[in-house]
Amino acid sequence: MSDLIACPCCGFPTLRTLGAYETCKLCDWQDDGEGGGPVPLATARRNFQTHGSIHGAPGAGPARRDYAREELVDYALAVRRGGTRFDPAQFRRLLDAA
Ligand SMILES: [Zn+2]
């Protein structure tokens, strides 16, 4: 059911088009198609794995960190860490709410 494309950084289906400077609602990665943003892709991936954002510190960066967003990040990190099975429908619900 996923009409969305996997984000090059967090790997979750969050982008409508690749290389269109779209910002991932989950990890804040801006997809310029080259990985040449302010945070190098490898660092961004590591940061996401650690605390759910591409930025160096938890809560840093311009993205809003409201409840819906936190729920989305918590779910993604649970999946990434192997504690939760990925459910595309549930992920999409959380993504749309964030
Ligand atoms: Zn992402």
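See the structure shown above.
These numbers were taken from a predicted model, which means no experiment stands behind them. (Residues numbered from 1 in each chain as written. Predicted model: local features only at pLDDT ≥ 70, side-chain atom pairs only at ≥ 80, totals over all residues. Heavy atoms only, no water.)

A.B. asks: Give me the lowdown on the packing of helix 2 (residues 67-80) against helix 3 (residues 88-97), citing residues and values where you can.
C.D. replies: Geometrically, a packed helix pair is captured by the angle between its two axes and the distance between the axes. Close contact between helix 2 and helix 3 brings their axes to 8 Å; oriented N to C, the two are set at 150 degrees. When the axes of helix 2 and helix 3 are compared, the pair comes out roughly antiparallel. Considering the relative orientation of helix 2 and helix 3, their crossing is left-handed. Residues Ala68, Glu71, Leu72 and Tyr75 of helix 2 form the contact with helix 3, whose own contacting residues are Gln90, Phe91, Leu94, Leu95 and Ala97. Taken together, the residues of the contact of helix 2 with helix 3 sort by class into seven nonpolar, one polar and one charged. (Axes fitted to C-alpha atoms, helices over the stretch in contact; angles between N-to-C directions. Helix = DSSP H or I, 4+ residues; strand = E, 2+ residues; numbered from the N terminus. Parallel < 35°, antiparallel > 145°, perpendicular 65-115°, else oblique. Left-handed = near helix turned anticlockwise from the far one by under 90°. Contact = heavy atoms within 4.5 Å. Nonpolar A, V, L, I, M, F, W, Y, C, P; charged D, E, K, R; others polar.)

A.B. asks: Any details on the environment of histidine 55? Residues and values, ideally.
C.D. replies: Looking at the element boundaries, histidine 55 is found in the loop between helix 1 (41-51) and helix 2. For the pair formed by histidine 55 and cysteine 27, sequence separation is 28 residues and the distance between their alpha carbons is 8.6 Å.

In short, geometric facts, not functional conclusions.
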